[in-house]
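Report on the structure
Next come the chains, spelled out residue by residue.
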Protein chains: 2
Amino acid sequence: MHDIRPIRAKSGTNQEGTSAHNRRVMIEALRLNGALSRADLARATQLTKQAVSNIIEDLEQDGLVVALDAVRKGRGQPFTPYRLVPEGAFAIGLQIDRHLTRVVVVDLVGKVMARAEANLPLDEPSPGVRTILGLVADVRRELAGISTQSERRLVGLGVAMPGPFGLKESDDKWMMPAWQQFPLLETLAAGTGLNVGLQNDAAACATAERIVGAAHGVDHAVCLYIGYGIAAGLILNGELYNGGNGNAGEIGRALLSPTGPGSTPLEHRASLASLYQHLGLDPAERGLYEKLGALALAQDPRVMAWVERAASDLRWSVHLIETIFDPQTVILTSSAPEALARLLVQAMHPLLPSIADRPARRLPRLQLGTTDPWAIAVGAAAEPISRAFDPRFSAILKAG
Amino acid sequence: MHDIRPIRAKSGTNQEGTSAHNRRVMIEALRLNGALSRADLARATQLTKQAVSNIIEDLEQDGLVVALDAVRKGRGQPFTPYRLVPEGAFAIGLQIDRHLTRVVVVDLVGKVMARAEANLPLDEPSPGVRTILGLVADVRRELAGISTQSERRLVGLGVAMPGPFGLKESDDKWMMPAWQQFPLLETLAAGTGLNVGLQNDAAACATAERIVGAAHGVDHAVCLYIGYGIAAGLILNGELYNGGNGNAGEIGRALLSPTGPGSTPLEHRASLASLYQHLGLDPAERGLYEKLGALALAQDPRVMAWVERAASDLRWSVHLIETIFDPQTVILTSSAPEALARLLVQAMHPLLPSIADRPARRLPRLQLGTTDPWAIAVGAAAEPISRAFDPRFSAILKAG
DNA sequence: CTATTAAGTCAATTCGCTTGACTTAATTAG
DNA sequence: CTAATTAAGTCAAGCGAATTGACTTAATAG
């Protein structure tokens, strides 16, 4: 033994893993179905009534579920439904974008309890992190005013920022190279005392859609996010997929045609960055969001021209995504004003034919997800909640 | 309760699940690392020595592992390595292609124990199935001559055929519409008495690469398969990904550019079908494989012209795959002769820039996988083996 | 030759799910 | 109105698989 190369093996499990999994399964079942009786839970999870009873008792003691009034329905003893207690857990979500940062606290069911935002200097992490830690402290204080146990129930801090991560150094400020180099997670962990996790903004969007949006309870969905860049958040087999290096879904960097290295990446043509350029706007400009919203509502011809061209590329992206992933649905989300996102979705129809064109579809091929600018921060916050409470393979295994 | 809509919930688990998982973890560890001592297994899986001892004893009784001679190495008591017993399990793999069918038996470690092939009439499942059942019976008989316990140790029958599945009816014979309609799995299950599973040919290729090829022990790999059509087999998080409807990876149907419904699917330009057309060959022709191999070795100019054009499209496919999946490596496999596949891989270099271009890569971005024409059948056979013996989330849960 | 190191076993324990009988409380049939 | 039926939920004993900690075995280092 004791070769130089480590032994490759998955971790084993034991009764703790079993129990942890079953707890998570209960929580997920209550999340997806609303209040359920113990008997219902037993049937749905294939556990015995007794096992369910014990677990529910545990969860109740931990303040994660609560009994509702008994319900009479048909023969037999009335049943007591249990539901999740929203304030049973909280998480903080942090969005770091080029010129601004947003922080939210969400509860166990994904509701926003507190929020704060501030401007950031472009690509200067040191002052940026000071600002961020200030906002985090603010929302924590605010939360403490709402729930006395808030600190004990904080499960983590999720960070979302534009990817991809870990590539060669860049000198494009808009790629935030200094942030990429900065030891962000360590600094935040030290500054907040919380567990910190990172995902890219599209993944955060997908996580948000999964916990409170169009992907709730859908196991195979792709969330196409159109922000300053373009990326896709991938929900595969009911879990977010990150790829080998955390950069899965960076579809904005896909070249649009096979014809050589000269062809354009998608995000040069269909992202909001391209729109700003097309309109000659400064992305850092105040009131940009409102201005874009107004232009979209007025169907401004220059905006419409961009929409047409972008929609053509995005239509093709959806085609690719469907062809490659075979998802149940594709969700378009954006940091643009809803009016603009609607125009895009409209202009994307009719969609290109693909294998998603099946006889027995249940969900629409393409739907508009949230355009709430806070969605990314919410998704960032949802990640630690999901990590702590959703059933997943890794939660069963021992250790990390 | 008893709403019409069923309750959505994952299944719970118990000690059986724990035990099943731990067994699988042991088997995988031995598969990936070769022979290991109990102590090594305990360290690698984070289980206690005692737990490992019990499980190994079990596996030994089941004939799945066997002790080797004790090894002295440094201080302490010599250790006894255990290794997998190849003949501990068998599975049958079936490839159904347009004009032919292949059947193989593989053992627990993926070695081929018996094989048989026959011609099939194009898209006529009824006589086809008779042929297939005959071949299956043949290889079973052959296997019985090798291993006395073979029948008891057969874990299933895996089927691979060209996808996609379940779309609208087609009248293109080459899409095998009659096979698509035919109740294949039920017929085969009834005719063989085995568990039957289905995957598309690219997925089978990926499964083969995973069990015995370039993807052995790699958790994120995409296997680009170039056959009569083109598709990708996706290994994500160490498991084959099938998508919402079993059609993930059908990249051959991807349109090559955003410019409208008129543009060509990848597989019209880069598949072997396109090569046959380019050369004016009949795909059903005898000796086609050898002829192609000879042409490739001779660097025939017409072949080279096709290679150039196909490589341009495939280069871009690799770029897309890397951008979208962020895999550790991309493996090119093909049913074409190895010489031709080599030409393709050569012509695909240099690859397009992508996020896979990272400072600290360990695996090549693109590598040539197997070009053994039997690989698909082997992959088909590997699927039941994997289902029965590899650690996976679903194996922990109760029921199906 | 002794101390040390490491593999592996033994026997008791623990923990969480299961089993099967039982209690409670409603509806429905007569 | 009563008895039968149905279903939720509890009780207590049982069981199975991993854990624990002491112990045995067998090698090397000094």
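Residues numbered from 1 in each chain as written. Chains lettered and ligands numbered in written order. Predicted model: local features only at pLDDT ≥ 70, side-chain atom pairs only at ≥ 80, totals over all residues.

**Here we look at the overall build of chain A**
Scanning chain A from N- to C-terminus turns up 14 helices and 13 strands. Here the C-alpha atoms of chain A give a radius of gyration of 23 Å, agreeing with the 21 Å that 2.2 N^0.38 yields for 400 residues. (Helix = DSSP H or I, 4+ residues; strand = E, 2+ residues; numbered from the N terminus. Rg over C-alpha atoms; globule rule 2.2 N^0.38 Å.)

**Some remarks on the packing of helix α10 (residues 288–297) of chain A against helix α12 (residues 338–348) of chain A**
All names here are of chain A. Two elements in contact, α10 and α12, have axes whose closest approach is 7 Å; the angle formed by their N-to-C orientations is 45 degrees. Judged on the interaxial angle alone, α12 and α10 are oblique. Between α10 and α12 lies a crossing whose hand is left-handed. Side by side, α10 and α12 meet where Leu292, Gly293, Ala296 and Leu297 of the first sit next to Ala339, Leu340 and Leu343 of the second. (Axes fitted to C-alpha atoms, helices over the stretch in contact; angles between N-to-C directions. Parallel < 35°, antiparallel > 145°, perpendicular 65-115°, else oblique. Left-handed = near helix turned anticlockwise from the far one by under 90°. Contact = placed C-beta atoms within 7 Å.)

**Describing the interface of chain B and chain A**
One frequently used descriptor of interface size is the decrease in accessible area upon assembly of the parts. Taken together, the contact pairs 73 residues of chain B with 72 residues of chain A. Those elements that place two or more of their residues in the side of chain B that touches chain A are α1 (15–33), β1 (36–37), α2 (38–45), α11 (301–325) and α14 (393–396) of chain B. Top element by residues in the side of chain B that touches chain A is α1(B). It accounts for 10 residues. Residues of the side of chain B that touches chain A, tallied by class, amount to 35 nonpolar, 26 polar and 12 charged. (Nonpolar A, V, L, I, M, F, W, Y, C, P; charged D, E, K, R; others polar.)

**Remarks on the protein's contact with DNA strand C**
Close to DNA strand C lie 31 residues; B:Asn14, B:Ser53, B:Gly76, B:Phe79 and B:Thr80 are nearest. Of all the elements in the fold, those that place two or more residues in the surface near DNA strand C are α1 (15–33) and α3 (49–61) of chain A together with α2 and α3 (49–61) of chain B. Broken down by element, the residue count for the surface near DNA strand C peaks at 5 residues, all from α1(A). Residue classes in the surface near DNA strand C are distributed as 7 nonpolar, 18 polar and 6 charged. (Near = placed C-beta within 6 Å.)

**Quick notes on the relation of the copies chain B and chain A**
Turning one copy of the chain about an axis and sliding it along that axis gives the other copy, so a rotation and a shift relate them. For the match of chain B to chain A, the screw axis carries a shift of 0.0 Å, the RMSD comes to 0.1 Å, and the turn is 180 degrees. What the rotation and shift describe, once combined, is the action of a two-fold rotation axis. In this assembly the copies share their binding face: 99% of the residues contributing to the interface of chain B also contribute to that of chain A. (Least-squares fit on C-alpha atoms with pLDDT ≥ 70 in both.)

**Observations concerning the packing of helix α2 (residues 38–45) of chain A against α3(A)**
Residue and element names in this part refer to chain A. Contact geometry for α2 and α3: axes closest at 9 Å, N-to-C directions at 115 degrees. Judged by the sense of rotation from one axis to the other, the crossing of α2 with α3 is right-handed. Residues Arg38, Ala39, Leu41 and Ala42 of α2 lie in contact with α3, whose contacting residues are Lys49, Val52, Ser53 and Ile56. Per-class residue counts for the contact of α2 with α3 are 5 nonpolar, 1 polar and 2 charged.

**A closer look at unusual backbone geometry**
Residue B:Gly163 is joined to B:Pro164 through a cis peptide bond whose omega torsion reads -10 degrees. In this fold, B:Pro164 is placed in the loop between β7 (154–161) and α5 (177–181). We note that A:Met176 has phi near 55 degrees; this positive angle belongs to a residue other than glycine. Locating A:Met176 in the fold gives a position in the loop between β7 (154–161) and α5 (177–181). Taking the number of C-beta atoms within 10 Å as the measure of exposure, A:Met176 has 22 and is therefore buried. (Buried ≥ 20, exposed ≤ 12 C-beta atoms within 10 Å, placed from the backbone.)

**A closer look at the sheet that holds strand β2 (residues 65–67) of chain A**
Residue and element names in this part refer to chain A. The antiparallel open sheet is built from 3 strands, whose spatial order is β1-β3-β2. A single partner strand is all that each edge strand has here, and the edge strands are β1 (36–37) and β2. As judged from the 3 bridges shared by β2 and strand β3 (residues 81–84), these two strands associate in the antiparallel manner. Looking at β3, one finds that valine 65 is bridged to leucine 84. Its contacts with the sheet place α1 against β1, β2 and β3, and it is angled at close to 90 degrees to β3. (Pairing = 2+ DSSP bridges.)

**Description of the sheet that holds strand β11 (residues 239–241) of chain B**
Residues and elements named next belong to chain B. Spatially, 5 strands are ordered β11-β10-β9-β12-β13 in an open sheet, and the strand pairing comes out mixed. The outermost strands of the open sheet, each flanked by one partner alone, are β11 and β13 (366–368). Along the sheet, successive strands turn relative to each other by an average axial angle of 30 degrees, direction set aside. Sheet analysis places strand β12 (residues 329–334) next to β13, joined by 3 bridges and oriented parallel. Within β13, the residue paired with valine 330 across the bridge is leucine 366. Helix α12 (residues 338–348) rests against β12 and β13 of the sheet, and its axis sits at about 165 degrees to β13.

**Describing α1(A)**
An α-helix turns once per 3.6 residues; consequently, residues spaced three or four apart project the same way. Helix length check: α1(A) (19 residues) gives 27 Å between terminal C-alpha atoms against 27 Å at 1.5 Å per residue, within 8%. Taken from the residues just after α1(A), A:Gly34 is the one with a positive phi, measuring 75 degrees. (Expected span 1.5 Å × (residues − 1).)

**Quick word on the environment of A:Gly252**
Residues and elements named next belong to chain A. Mapped onto the elements, glycine 252 comes out in the loop between β11 (239–241) and α8 (266–270). Classification of glycine 252 as buried rests on a count of 28 C-beta atoms within 10 Å. Sequence separation of glycine 252 and valine 303 is 51 residues, and the distance between their C-alpha atoms is 20 Å. Setting aside chain neighbours within four positions, we find glycine 252 in contact with Gly229, Ile230, Ala231, Pro265, Leu266, Glu267 and Ser271.

**Some details on the pairing of strand β12 (residues 329–334) of chain A**
Each regular strand carries side chains that alternate between the two faces of the sheet. Residues and elements named next belong to chain A. Extensive coverage of β12 is indicated by the burial of 6 of its 6 residues. Covered by surrounding structure in β12 are Thr329, Ile331 and Thr333 together with Val330, Leu332 and Ser334, the residues of both alternating faces. Each parallel crossover has a hand, and for β12 linked through α12 to strand β13 (residues 366–368) it is right-handed. (Right-handed = clockwise from strand over helix to strand, strands pointing away.)

**Considerations on the protein's contact with DNA strand D**
Around DNA strand D sit 32 residues, and of these A:Asn14, A:Ser53, A:Gly76, A:Phe79 and A:Thr80 come closest. For the surface near DNA strand D, the secondary-structure elements that each account for two or more residues are α2 and α3 of chain A together with α1 and α3 of chain B. The biggest single contributor to the surface near DNA strand D is α1(B), with 5 residues.

**A word on the pairing of strand β5 (residues 100–107) of chain B**
All names here are of chain B. When you tally the buried positions in β5, you get 7 out of 8 residues, the bulk of the element. Once strand β4 (residues 90–96) ends, the chain turns through 3 residues before running back antiparallel as β5. Here 7 bridges tie β5 to strand β6 (residues 112–119), and the two strands are oriented antiparallel to one another. Across the sheet, the residue bridging to valine 103 is alanine 116, located in β6. Two successive antiparallel strands, β5 and β6, enclose a turn made up of 4 residues, where glycine 110 displays a positive phi of approximately 90 degrees.

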